[in-house]
Amino acid sequence: MMNAVSHSLESHGEAHGESQSEAQNFNFGAADNAIELENVSKNFVVYHRERSVKSAVLKVLVWQLPRKEHFTALENISFCVSKGQTVGVVGKNGQGKSTLLSLLARIYRPTKGRVTMRGRIASLLELSAGFQPEFTGYENIYLNGVIYGLTRAEIDAKIESIAAFAGVGEHLTQQVKHYSSGMLARLGFAIASHVEPDILLVDEVLAVGDAEFQDKCFAKLQEFKAHGVTIFVVSHDVRALRRVCDRVIWIENHRIKMDGPAPQILDAYEKTR
Amino acid sequence: MQSSLSKNHSAANGSPANGKPEPGFTVVGGQRETLLESLREIWRFRGLILELVRRDLKVRYKNRVGGILWSLFPPLMQVLTITLMVKFFLTQVSNYSAYLMAVMFLWQFFQNTLLDASQSLIHNAQLVRKIYFPRAILPLVNFISNLLHFFIAFAFTLCYFFVVPISDPIYPKNLSWTLLWTLPIVCGVGMLALGLGYLMAYLATIYDDVKFLSITVLGLFFYAVPIFYPIERVAAQPAIYPFYMLNPMATWMVGFQRALLPPLSDPGGSPPISFGDVAPWLGVATFSSVVILVLGFWIFERSKWTMMERL
C-alpha cells in the first residue's frame, strides 16, 4: 500500500509546474485516506466598494459598476493524508494556511478541485466560537457539544469528564462572560476533545493558556494519535509541530513548497527564517 | 477519479463495519447541491436546530414568567396607544382593542421573524466562520422560536377575548369553528416571513444597511396591512381592494382576524366582511407565500458558500 509519507518525500519540487505531473502518485479514492485534496484552488472575490444599498443605488444611477478583484489564496494543492497521520502546516502569514484549514472544515467551497474528508471532524479553529456569553459553563458544554455534532445523551455521559478536563471547577455554574480567556480556551478544548473525532483540525490553539494547560493539550493530542485519530495542525510554532507531527506541509506563495517527514521539512523551513 | 459527486460518503466509499455510512464529505469546486440534498442536510442537523431554539428561548425568557410578560409588553403598549388614539380622534368601532390585538401579535411574529432571520448570519458570524452546519438552519431557528413565542401571545389574546368587554365578553358568545383556520394561516405567515427572511439574510451579507432599510420598510408596510383600520374601509374602495389583497400579508391578517372575530357591527357605512368573504383570497396568499418561500430559500442556498466569504 502506498503511504502518503513515502511518496511525499519526493516533494513537489521547487518548480511549481511539476506538482501537476506528480498528481498520479496520489492515492486518491483509497479507503484509508482521511483527507484528500485534488488540484484544489481557492479564489476570493474582493469588491472595492461601500457595502450599502444606498451606494449601490447611487452607483447604478450614475452607471458605475462595482470593481471586483480576484485574489488567489490557494493554487493547485494536492495531497492525501492517510488515517492516523499527524500533519502540520507551516508557512508565513497570508500564504493560505488558514484558507486551507477552512476548506477542510467545510467553511469554504474550493473554486476548483475536490476536497474529500472521511470521518467525523472536529475543528479546534477558535475554541470559544460557539460560546453564548450569557450562559453558564454547563449550558455552554451542551450547546457546543451539539454544535460539534454530539447528541444530548452523549454529552450527558461525558459531562463529568469534560468538566474534569476543563479544570475550571466551580466556575462551570457561572456565566461564561465572566471567564478569563485562558478559562475559555480550557473549556473549549475540553469540549472539542470529547467529540471523539476521526479527524481533528487544529489552528494555533496550542499557543493559548499557561504552560500546564499546554502540556495537557499535548498529552491529549498524543492520546488522540495513539487512538488513530488523524490530526491536521496549522501553526507558526515550529517547536510545537516538532513535538506532534509525523509529516509537515510547507505552504509558500499559495502553493505547496515542500511536503515530507516533519524533521526534514521543519529544518528546511527554519533555515529560511 | 471517483464518479460519485454526492456530498456525504455513502456505503460505496468504505463504510465501517456497523453498516452506518461513514461521516465525512466531498466538496467539488463549482458544484452546487440540489435543493433536496440541502433539505436532507437540514434534517440531519435537527438536533442542532432544537438546541439553538432552546438557546434563543433561554435568552429571551431568562427569568420565566417575568421574561414572558416583558416580551408581551411592547406590542401591548402599541395596542393601548392606538386604541386610545382611535377612541379620541377617529370614529368609534366597538371592541376595537380586541380586533387590534388579534392582528398585532401576528404582525409582531412576522416582523420579528423577518428581522431576526435577516441578521442571523451576522449575529452568528463567529460560529459560521469556524464550524460547519447547514447555514439555512439559522433563519429556521429564528422562525421556530418566534413561532413558539407567538403561541404564548396568541393564548394571551384568546384569554383577553373572554374578558373584554367586561359587561358582555366577545367569547364564548362569538366562538366559532373558523377559529381552527388560524393555524394554517399562521403557517402561511410563517412561510412568507421565512422566505423573506432568507432573502434578507442573503442581502445582509452583501450590504451593511439592510437592517435599517428593512426596519424602515416594515414601518411603512405597517400601514399597508389592515392593523389599525378595519378592512371594511378598504373593501369600500372597489378599485383598490383587489390590489390591496394581492399583498399576502394583508390577506393573512384579515383572514386571521375574521377567523377569530365576527364581522364589525358598525363598519361605518360599508358592508361588513366575514371570514367567508376573505376565504377566496387565502388561496392567492397561499400561492404567493409558497412562491416567496421557495424563491428565498433557493437564493439563499445558491449563494450560501460565497456568503461565508463576505461575512
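What counts and how
- Residues numbered from 1 in each chain as written.
- Chains lettered and ligands numbered in written order.
- Predicted model: local features only at pLDDT ≥ 70, side-chain atom pairs only at ≥ 80, totals over all residues.
- Heavy atoms only, no water.
- Helix = DSSP H or I, 4+ residues; strand = E, 2+ residues; numbered from the N terminus.
- Buried < 20%, exposed > 50% of the residue type's maximum accessible area, 1.4 Å probe, protein only.
- Pairing = 2+ DSSP bridges.
- Axes fitted to C-alpha atoms, helices over the stretch in contact; angles between N-to-C directions.
- Contact = heavy atoms within 4.5 Å.
- Arc of directions from axis to C-beta.
- Parallel < 35°, antiparallel > 145°, perpendicular 65-115°, else oblique.
- Left-handed = near helix turned anticlockwise from the far one by under 90°.

Chemist: Just to check I follow, could you spell out the overall build of chain B for this structure?
Modeler: For chain B, the count of helices and strands is 13 helices and one strand. Traced from its N-terminal end to its C-terminal end, chain B shows the element sequence β-α-α-α-α-α-α-α-α-α-α-α-α-α. In terms of overall dimensions, chain B has C-alpha extents of about 75 × 45 × 40 Å along its principal axes. Residue burial in chain B is summarised as follows: out of 311 residues, 49% are buried.

Chemist: Would you take a moment to explain the sheet that holds strand 6 (residues 199-203) of chain A for this structure?
Modeler: Through backbone hydrogen bonds, the strands of a sheet pair up, either in parallel or in antiparallel fashion. Residues and elements named next belong to chain A. Across the sheet, six strands lie side by side as 5-6-7-3-8-9; this open sheet has mixed pairing. Looking at strand neighbours, the two that pair on one side only are strand 5 (121-124) and strand 9 (255-261), the edges of this open sheet. Adjacent strand axes in the sheet meet at a mean angle of 15 degrees when their direction is disregarded. In the sheet, strand 8 (residues 247-252) pairs with strand 9 via six bridges, with the strands oriented antiparallel. Residue pairing for strand 9: Trp250 is matched across the bridge by Met258. On top of the sheet, helix 10 (residues 262-271) reaches strand 3 (86-90), strand 8 and strand 9; it is set at about 135 degrees to strand 9, its chief contact.

Chemist: Would you explain helix 10 of chain A in this entry?
Modeler: Ala262, Ile265, Leu266 and Tyr269 of chain A are the residues of helix 10 of chain A that are buried. The arc that holds every buried residue of helix 10 of chain A, seen down its axis, measures 95 degrees, which confines them to one face.

Chemist: Can you help me understand the side chain of Thr113 of chain B in this one?
Modeler: For Thr113 of chain B, the location among the structural elements is in helix 4 (residues 96-123). Leave out the neighbours within four places in its chain, and Thr113 of chain B touches Phe143, Asn146 and Ala193 of chain B.

Chemist: Just to check I follow, could you spell out unusual backbone geometry for this structure?
Modeler: Negative phi values dominate among residues other than glycine, just as trans dominates among peptide bonds. In this chain, Tyr171 of chain B is followed by Pro172 of chain B through a cis amide linkage whose omega measures 0 degrees. Residue position: Pro172 of chain B is located in the loop between helix 6 (137-163) and helix 7 (182-206). One non-glycine residue, Asn253 of chain A, lies in positive phi territory at about 55 degrees. You can see Asn253 of chain A is positioned in the loop between strand 8 and strand 9.

Chemist: Is there a simple way to explain the packing of helix 7 of chain B against helix 11 (residues 248-260) of chain B in this structure?
Modeler: The description of two helices packed together rests on the angle between their axes and the distance between the axes. Residue and element names in this part refer to chain B. In contact at an axis separation of 10 Å, helix 7 and helix 11 are set at 160 degrees when each is read in the N-to-C sense. As far as their axial angle goes, helix 11 and helix 7 are roughly antiparallel. Crossing of helix 7 against helix 11: the hand is left-handed. Across from Thr182, Ile185, Val186, Gly188, Val189 and Leu192 in helix 7, the residues of helix 11 making contact are Pro248, Met249, Trp252, Gly255, Phe256, Ala259 and Leu260.

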